[in-house]
Amino acid sequence: MAWRDGKASGKRLLLFMASIILGIAAVVSIQSFSNNLKNNIGLQSKALMGADFLIDSNQPANERVVELMDSLGGYKAREVKFASMAAFPKSLSTKLVQVRAIEGNYPFYGELETEPTTSAFDYQDKGGALVDATVMLQFDLKPGGSVKLGTTTFPILGALITAPGSTGIGATAAPPIVVPFRFMEESGLLQRGSRLGYNYYFEDDKADLELLNDKVDPLLDAENADMDTHTDTSERLGRRYENVGRFLNLVAFIALLLGCVGIASSVHIYIKEKLKAVAVLKCLGATRKQTFFIFLLQIAGMGLLGGIIGTATGLLLQQTFPFILQEFLPFNVEISTSYPAIFVGLLLGVSMSVLFALSPLVHTWFVSPLQVLRVQEDTGKKSRPYQIWVVVAIVLFVLLFALWLLGRWEFALSFVVGILVTFSILAGVSIGFMRLIKKYFPKSWSFAARQSLLNLYRPNNQTVVLILAIGIGTFLISTLYFTKDFLLAKTTFEANAESPNLILFDVQTEQRNDVENTITPKGLPVIDNIPIVTMRMERIKDRDVNAIRLDTTTRVNKWILNHEFRTTYRDSMIGSEKLLEGEWLPSVPPKTEVIPISLADNVANDALVKLGDTLLFNVQGKMMTTVVGNIRQVDWARMQLNFSIVFPTGVLEKAPQFHVVTTNAPDKASSANLQRELVKKFPNISIIDLRQVVTLVENILDKISWVITFMAFFSILTGIIVLIGSVRNSKYQRIRESVLLRTLGAQSKQILKINALEYLFLGVLGSGVGVLLSLLSSFLLAYFIFDTPFIPSWVPFLVVLPGITLLVLAIGLFNSKGVLNSPPLQVLRKEG
């Protein structure tokens, strides 16, 4: 019976199936790609690092670290890595780059991918440079040209396409240039204050990496060094991309939920029309179970078929992901069939179709044989307790699936609560709108406008479902634009002469006056001249840092113990700071034994210290006892120099230090001119142009938003399918209304206007509520999560809202063609 009835209602059941295909395709494509990415990271973990393990430090290896490295067989290659300015003599241009000075046959796994390929093997012998391929294009460089790093000029031997350790986003900010290690001392770039990274690479494929981590890493920590294995690198990278995958999975899952809401609504109409047939079957002796399972098997079969098609579509769709996400991936991902993703797709197709169809299906259980005669008998009250259990089962299933995706109960609960609140608001708005129309019906409106409003609460209407589908899709896209805009606003800076837009790092004390004398003759101001002193924590309260490192129960954050702090001294706070506890002390008398300092709240929390606690610092060999005098809140996203630790004046003036100088260049030409002259005179100085940083942040956010918009459109497309299903399922009813209206004298233009206004109301209501909800959610995100002023974007109001409204209108009218073209006799014959 299920097969026979299914064949007779094939077209309508196919629409039910189409409602979930997109959601399944979205989930399967992302799940499959995530699995492939995880497997690729595991297989290529050595190639990502280029070695089996490395030992890294911010300073050259001391005697104890050398002893430890010798006990491990000695390093096979070494590298010093740091940011610096590169000058290109041919174009008279400069660029902030990441210099990677390598010695030895590195990498041991993977390769330096270059053009021409031979340059990767002979740059060491020839003393040349491998320049990032994007930089080569940007400055029109060719092999045979030159690049100047510090005081040394290197011939360019080739373009660097990929290299172990240089990943997408990091390489965008400071593209890598690879040069031989032996030239670094003479280049003058290894100055005090430069943030240097020394890496010592090891090749030992038989090493027990877990044992090394347990035994050797604590010994290295005591020497301000660290061990990193290829498995650690792959795990970190895996977690990073896994979090992105989980987020995209949730977006896809929302699309699937919308499809399932569409299924529930469509099945409700379908079953309502079948109740009389169910009553006839029961008159002929069919049991409750038999009639119930006839339609349950139909829905389960459509769910399975939809799951198969959706899974196949998802597997095809994932083939495009490496192209979409290529700028975020550190290697080429090899796509293969993911059997867990296939299982998830099929399971979701059947289980969610059945779950969401159960609520309307329960009605068939309570249909009496007398329903043949008493067509108006209400079975809703009898089935309501069972429907409540069905809703509970749906919420539980969604919660468990969200938990499987996110891995933490609090995140899964937050997701489910967020979905329920959003769905409830959209459903409440649509129900409230229909009630308001009934209560305050605009009787003075034209006939077409009044009839279009009446259509919104006709029997078997799907107003609530359509507003849900349209609203959720609009909500996702609009939230994306609002969030992106206030994040960009947070990173921008005021365009006035008092706001620095050029920051000069690593200015040595003896260079400070010469740098200022280079800036001021060009009519540019020296806004800041900030001294920086490097130091490390030696003791927190009464415990040595080394003892805390060895304590496995400590809650002190590890970065505090290993970090080289860059501190400053000044007599006042700046605009990005707010005093939370204690009093600001501008200066201290000479020979003060215990120095009161100011800590940022994040450092105080991670070090587990409060006002009055003592900290012992190693200031480049000299021990200094300090006490926490006050705790500040710091807005780290402000485009200015912020510090975790600030000393009062009168303490660090004679300590070894370097400086950061800031200025404001009014335009790109003056900025480029100043940078060229500074790099020529002071090759050790690094310069950051904040305008370029903002552009970089904007580009990254644009790329991320494109990916999220791509996923959000699955929700919009699901809403479109639900809309098509709604029109198709109520097509006969609409034809009947059209015939009755035409019999009463209505013209085709009037009927077309009625349909157009109905879909216009649906589009405006759904997309309008979605935009308003996203406005509220984005404000909450800005206030509670990002702690920044909320500046709304105009894109959702000017593009998203009218765009989706017109889309709904076009699809509704396209699918209503059959209603306008149906002759009156067609309906009359059917009724006869």
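Residues numbered from 1 in each chain as written. Predicted model: local features only at pLDDT ≥ 70, side-chain atom pairs only at ≥ 80, totals over all residues. Heavy atoms only, no water.

1. A closer look at the overall build of the chain
Counted only if it meets this: Secondary structure elements are defined from DSSP: runs of H or I of at least 4 residues count as helices, runs of E of at least 2 residues count as strands, and each element is numbered from the N terminus. The rule is simple: take the accessible area with a 1.4 Å probe, protein chains only, and divide by the maximum for that residue type; under 20% is buried, over 50% is exposed, in between is partly exposed. Whether two residues are in contact is decided by their heavy atoms, any of which lying within 4.5 Å being enough. Methods summary: accessible areas were calculated by the Shrake-Rupley approach with a probe of 1.4 Å, and residue burial reflects only the protein chains presented.
A tally of helices and strands in the chain yields 28 helices and 21 strands. The proportion of buried residues among the 832 residues of the chain is 52%. Contacts spanning at least 24 positions in sequence make up 82% of the contacts within the chain whose residues lie at least 6 apart. Split by element, the accessible area of the chain, about 39000 Å² in all, is 60% carbon and sulfur.

2. Quick look at the pattern of salt bridges
Filter applied, for reference: For this analysis, a salt bridge means a side-chain nitrogen from Lys or Arg found within 4 Å of a carboxyl oxygen belonging to Asp or Glu.
Under the defined criterion, the tally for this structure stands at 14 salt bridges. A salt bridge links lysine 558 to aspartate 217; its shortest N-O distance comes to 3.8 Å. In this pair, lysine 558 sits in helix α20 (residues 558-562) while aspartate 217 sits in helix α9 (residues 209-221), placing the two residues 341 residues apart along the sequence. A salt bridge links glutamate 577 to arginine 570; its shortest N-O distance comes to 2.9 Å. Per residue, the accessibility class of glutamate 577 equals that of arginine 570, and both read buried. Overlapping salt bridges, with partners in common, bring together Asp217, Asp221 and Lys558 in one network.

3. Topic: α9
Condition: Bend angle per residue: angle between axes fitted to the 7 residues ending at that residue and the 7 residues starting there. We define a polar contact as two N or O atoms separated by no more than 3.5 Å, with the added condition that, inside protein, one atom must be a possible hydrogen donor and the other a possible acceptor, whereas residues neighbouring each other in sequence contribute only through side-chain atom pairs.
Most pronounced at lysine 215, the bend in α9 amounts to some 35°, and the proline proline 218 follows within four residues. Two or three places before glutamate 210, at the opening of α9, aspartate 208 has a side-chain oxygen 3.3 Å from that residue's backbone nitrogen.

4. Observations concerning the side chain of threonine 662
When you line up the elements, threonine 662 lands in strand β20 (residues 658-663). At 3.0 Å, the side chain of threonine 662 forms a polar contact with the side chain of aspartate 528. Here threonine 662 is in contact with Pro500, Leu502, Ile503, Pro525, Val526, Ile527 and Asp528, once residues within four sequence places are set aside.

5. Some points on the environment of phenylalanine 401
Structurally, the position occupied by phenylalanine 401 is in helix α14 (residues 380-406). Taking the C-alpha atoms as reference points, phenylalanine 401 and phenylalanine 253, separated by 148 residues in sequence, lie 9.3 Å from one another. The residues contacting phenylalanine 401, other than those within four sequence positions of it, are Val27, Phe253, Val344 and Leu348.

6. With respect to the packing of aromatic side chains
Selection criterion: Only centres within 6.5 Å qualify two rings of Phe, Tyr or Trp (six-membered ring in Trp) as a pair; their planes then separate them into stacked at under 30 degrees, edge-to-face at over 60, and tilted for everything else.
A full pass over the atoms with the stated rule returns 15 aromatic pairs. Between phenylalanine 154 and phenylalanine 183, the aromatic rings sit 5.5 Å apart at their centres with planes inclined by 90°, giving edge-to-face as the arrangement. Here phenylalanine 183 lies in the loop between β8 (176-180) and α8 (184-187) and phenylalanine 154 lies in strand β7 (residues 152-162), a separation of 29 residues in the sequence. We note that phenylalanine 154, like phenylalanine 183, is buried. Look at phenylalanine 482 and phenylalanine 790: their rings are 6.0 Å apart centre to centre, the planes differ by 70°, and that puts the pair in the edge-to-face class. With phenylalanine 482 in helix α17 (residues 463-491) and phenylalanine 790 in the loop between α25 (748-785) and α26 (795-815), the pair connects residues that are 308 residues apart, well separated along the chain. Three or more aromatic residues joined by ring pairs form one cluster here, namely Phe482, Phe779, Phe790, Trp794 and Phe797.

7. Observations concerning the environment of methionine 537
Locating methionine 537 in the fold gives a position in strand β12 (residues 526-540). The contact partners of methionine 537, leaving out residues within four places of it in the chain, are Val545, Ile560, Phe565, Val603, Leu615, Leu616 and Phe617.

8. What to know about the nonpolar core
Within soluble globular proteins, side chains that are nonpolar generally end up buried alongside one another. As a reminder, the rule being used: Here, nonpolar core means buried Ala, Val, Leu, Ile, Met, Phe, Trp, Tyr and Cys residues that are tied together by side-chain atoms lying within 4.5 Å of each other.
Core analysis: the largest hydrophobic core is formed by 87 residues, its most contacted members being Leu256, Leu348, Met352 and Phe415. Ignoring any residue separated from it by four or fewer positions in sequence, one finds leucine 256 in contact with Ile20, Gly23, Ile24, Val27, Leu348 and Met352. One finds Phe53, Met69, Phe139 and Phe183 within the second-largest nonpolar core, a separate group that totals 39 residues.

9. What to know about a negative patch on the surface
Cut-off, in case you're wondering: What goes into a patch is any residue over 30% in relative accessible area without a salt bridge, connected to like charges within 9 Å or, for nonpolar side chains (Val, Leu, Ile, Met, Phe, Trp, Tyr), within 5 Å. Residues scored as charged are limited to Lys and Arg (positive) and Asp and Glu (negative), so that His and the chain ends carry no count. The atoms used to mark charge sites are NZ of Lys, CZ of Arg, CG of Asp and CD of Glu.
A contiguous patch of negative charge, built from Asp208, Glu210, Asp214 and Glu235, is present on the exposed surface. When you line up the elements, glutamate 235 lands in helix α10 (residues 230-283). Judged by relative accessible area, which is 45%, glutamate 235 ranks as partly exposed.

10. Quick notes on the confidence of the model for the chain
Definition in use: Residue-level confidence of the predictor is what pLDDT reports, using numbers from 0 through 100.
In this model, the chain carries a mean pLDDT of 81, and residues with pLDDT of at least 70 account for 83%. The secondary-structure element of the chain with the lowest mean pLDDT is helix α28 (residues 824-831), recorded at 57, while strand β19 (residues 645-647) shows the highest, at 96.

11. As for helix α13 (residues 339-365)
Because an α-helix completes one turn every 3.6 residues, residues spaced three or four positions apart along the sequence face the same direction. Put simply, the rule reads: How far a helix is expected to stretch is found by multiplying one less than its residue total by 1.5 Å.
With 27 residues, α13 extends 37 Å between its outermost C-alpha atoms, agreeing within 8% with the 39 Å of an ideal straight helix rising 1.5 Å per residue. In α13, a bend of some 55° at leucine 358 exceeds every other bend along the element, and proline 360, a proline, comes one to four places later.

12. Some details on the packing of helix α18 (residues 512-519) against helix α22 (residues 668-681)
We apply this condition: Axes here mean lines fitted to C-alpha atoms, for a helix over just the part in contact, with angles spanning 0 to 180 degrees between N-to-C directions. Between 65 and 115 degrees an angle is taken as roughly perpendicular, under 35 as roughly parallel, over 145 as roughly antiparallel, and anywhere else as oblique. Handedness of a crossing is defined here by the sense of rotation of the near helix relative to the far one, left-handed for an anticlockwise turn of less than a right angle and right-handed for a clockwise turn. Side-chain classes are defined by residue name, with Ala, Val, Leu, Ile, Met, Phe, Trp, Tyr, Cys and Pro counting as nonpolar, Asp, Glu, Lys and Arg as charged, and the others, Gly among them, as polar.
With their axes 10 Å apart at the nearest point, α18 and α22 run at an angle of 150° to one another. By the angle between their axes, α18 is roughly antiparallel relative to α22. Here α18 and α22 pass one another in a crossing that is right-handed. Where α18 abuts α22, its residues Val515, Thr518 and Ile519 lie against Leu674, Glu677, Leu678 and Lys681. Considering only residue class, the contact of α18 with α22 consists of four nonpolar, one polar and two charged.

13. A look at the pairing of strand β16 (residues 595-600)
Where a strand is regular, its side chains alternate between the two sheet faces. Stated formally: The criterion for strand pairing is that DSSP finds at least two bridges linking the strands in question.
Within β16, six of the six residues are buried, which leaves the element mostly enclosed by the surrounding structure. A two-sided burial pattern is seen for β16, the buried positions comprising Ile595, Ile597 and Leu599 on one face and Pro596, Ser598 and Ala600 on the other. With six bridges connecting them, β16 and strand β18 (residues 622-634) associate as parallel partners. Across the sheet, the residue bridging to isoleucine 597 is valine 628, located in β18. Of the pairings in the sheet, the one linking β16 to β19 comprises two bridges and is antiparallel in character.

14. Side note on the packing of helix α11 (residues 288-317) against α13
Contact geometry for α11 and α13: axes closest at 7 Å, N-to-C directions at 150°. By the criterion of interaxial angle, the relationship of α11 to α13 is roughly antiparallel. As for the relative orientation of α11 and α13, their crossing is right-handed in sense. Considering only residue class, the contact of α11 with α13 consists of 17 nonpolar, eight polar and two charged.

15. Points about the side chain of serine 778
Within the secondary structure, serine 778 is located in helix α25. At a separation of 2.7 Å, a polar atom in the side chain of serine 778 contacts the main-chain carbonyl oxygen of serine 774. Non-local contacts of serine 778, meaning those with residues more than four positions away in its chain, are made with Thr479, Phe482, Thr483, Phe486 and Phe790.

16. Let's talk about the pairing of strand β1 (residues 53-57)
The buried count for β1 comes to four of five residues, which makes it a mostly enclosed element. Relative to strand β10 (residues 225-229), β1 runs antiparallel, the two sharing five bridges. Of the residues in β10, the one forming a bridge with serine 57 is alanine 225. For β1 and strand β9 (residues 197-202), the ladder comprises five bridges, and the chain directions are antiparallel.

17. Digging into the environment of leucine 399
Within the secondary structure layout, leucine 399 lies in helix α14. Through-space distance from the C-alpha of leucine 399 to that of phenylalanine 415 is 8.2 Å; in sequence the pair is 16 residues apart. Once residues within four sequence positions are removed from consideration, leucine 399 is found in contact with Trp409, Ala412, Leu413 and Val416.

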